[in-house]
Amino acid sequence: MNADELKAFQDRLIERRRELIDEGDFLIEPSKRDAVAKLDEDEAPHTENAQVIASRRNRERAREIAGIEKALRRIELEPDEYGLCQECDEEIGQKRLELMPWVEFCVSCQSKIDDPQKNYRRRHAADYL
């Protein structure tokens, strides 16, 4: 990756980090507005669902910011390593980097990390002969 491409990715990462920080956390509405008020049983499932969604979005946002910080450090400290898979040292696809410039793994290695059960070899009847 040449210096201009590296600078372009660095700028995109910095911009995305700024967007995420400016966006702030998603608000998690309390189940009850008043400590002594009775919980509305009809509204409770909707409130709980909204809380779960907001919490999940906040975790994803924090995970993305951490990935961006890590990628920016990699660009600063080890510019030759940026864009290479941290597992197999192969280049991460250009389109993948354009979509998610903070990724650390190529598609193949990421799928192994996400679902290690898929990596087993399926047995066929001929395997036992």
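Below or above, wherever it landed, is the structure these notes cover.

Rules and cut-offs
Residues numbered from 1 in each chain as written. Predicted model: local features only at pLDDT ≥ 70, side-chain atom pairs only at ≥ 80, totals over all residues. Heavy atoms only, no water. Helix = DSSP H or I, 4+ residues; strand = E, 2+ residues; numbered from the N terminus. Polar contact = N/O pair within 3.5 Å; in protein donor to acceptor, adjacent residues only side chain to side chain. Contact = heavy atoms within 4.5 Å. Core = buried A, V, L, I, M, F, W, Y, C linked by side-chain atoms within 4.5 Å. Buried < 20%, exposed > 50% of the residue type's maximum accessible area, 1.4 Å probe, protein only. Axes fitted to C-alpha atoms, helices over the stretch in contact; angles between N-to-C directions. Parallel < 35°, antiparallel > 145°, perpendicular 65-115°, else oblique. Left-handed = near helix turned anticlockwise from the far one by under 90°. Nonpolar A, V, L, I, M, F, W, Y, C, P; charged D, E, K, R; others polar. Salt bridge = Lys/Arg side-chain N within 4 Å of Asp/Glu carboxyl O. Phe/Tyr/Trp six-rings, centres within 6.5 Å; stacked < 30°, edge-to-face > 60°. Lys NZ or Arg CZ within 6 Å of the ring centre and 35° of its normal.

As for the side chain of Arg-61
With respect to the element layout, Arg-61 can be found in helix H2 (residues 44-77). Here the side chain of Arg-61 touches Leu-20 through a polar contact of 2.9 Å, landing on its backbone oxygen. Each residue touching Arg-61, except ones within four places of it in the same chain, is listed here: Leu-20, Ile-21, Glu-23, Gly-24 and Asp-25.

Focus on the environment of Ala-3
With respect to the helices and strands, the residue Ala-3 is situated in helix H1 (residues 3-23). Separated by 76 residues in sequence, Ala-3 and Pro-79 have C-alpha atoms that sit 8.8 Å apart.

Quick notes on the nonpolar core
Within the largest apolar cluster, 18 residues are counted, with the highest numbers of intra-cluster contacts made by Leu-13, Ile-68, Tyr-82, Cys-85 and Leu-97. Contributing elements (two or more residues each) for this core: H1 and H2. Of the residues forming this core, the biggest block, five residues, is contributed by H2. The residues contacting Leu-13, other than those within four sequence positions of it, are Ile-68, Ala-71, Leu-72, Ile-75, Tyr-82, Pro-101 and Trp-102.

Overview of the packing of H1 against H2
Put simply, H1 and H2 touch, their axes get as near as 10 Å, and they point 150 degrees apart. In terms of orientation, H1 lies roughly antiparallel with respect to H2. Crossing of H1 against H2: the hand is left-handed. Residue-level inspection shows Leu-6, Gln-10, Leu-13, Ile-14, Arg-16, Arg-17, Leu-20, Ile-21 and Glu-23 of H1 in contact with H2, the latter providing Arg-61, Glu-64, Ile-65, Ile-68, Glu-69, Ala-71, Leu-72 and Ile-75. The residue makeup of the contact of H1 with H2, split by class, is 10 nonpolar, one polar and six charged.

Details of the pattern of salt bridges
Per the stated rule, a full pass over the model turns up 10 salt bridges. A salt bridge links Glu-15 to Arg-18; the shortest N-O distance between them is 2.4 Å. One end of the pair is Glu-15 and the other is Arg-18, both in helix H1 and three residues apart, which spans about a single turn. Using a relative accessible area of 34% as the deciding quantity, one classes Glu-15 as partly exposed. With a relative accessible area of 42%, Arg-18 lands in the partly exposed category. Residue Arg-61 pairs with Asp-25 through a salt bridge whose shortest N-O separation is 2.7 Å. In this pair, Arg-61 is assigned in helix H2 and Asp-25 in the loop between H1 and H2, connecting sequence segments 36 residues apart. Relative accessible area serves as the criterion here: at 11%, Arg-61 is assigned to the buried category. Take Asp-25: its relative accessible area is 52%, and that puts it in the exposed class.

Section: the packing of aromatic side chains
The full count for this structure, using the stated rule, is one aromatic pair. Seen in terms of ring centroids, Phe-9 and Tyr-82 are 5.7 Å apart; in terms of plane orientation they differ by 55 degrees. Their pairing is tilted. Linking Phe-9 in helix H1 with Tyr-82 in the loop between H2 and helix H3 (94-99), this pair joins segments that are 73 residues apart in sequence. Pair check on accessibility: Phe-9 and Tyr-82 agree, each one buried. A cation over an aromatic ring shows up here: Arg-57 above the ring of Phe-26, its NZ or CZ 5.2 Å from the ring centre.

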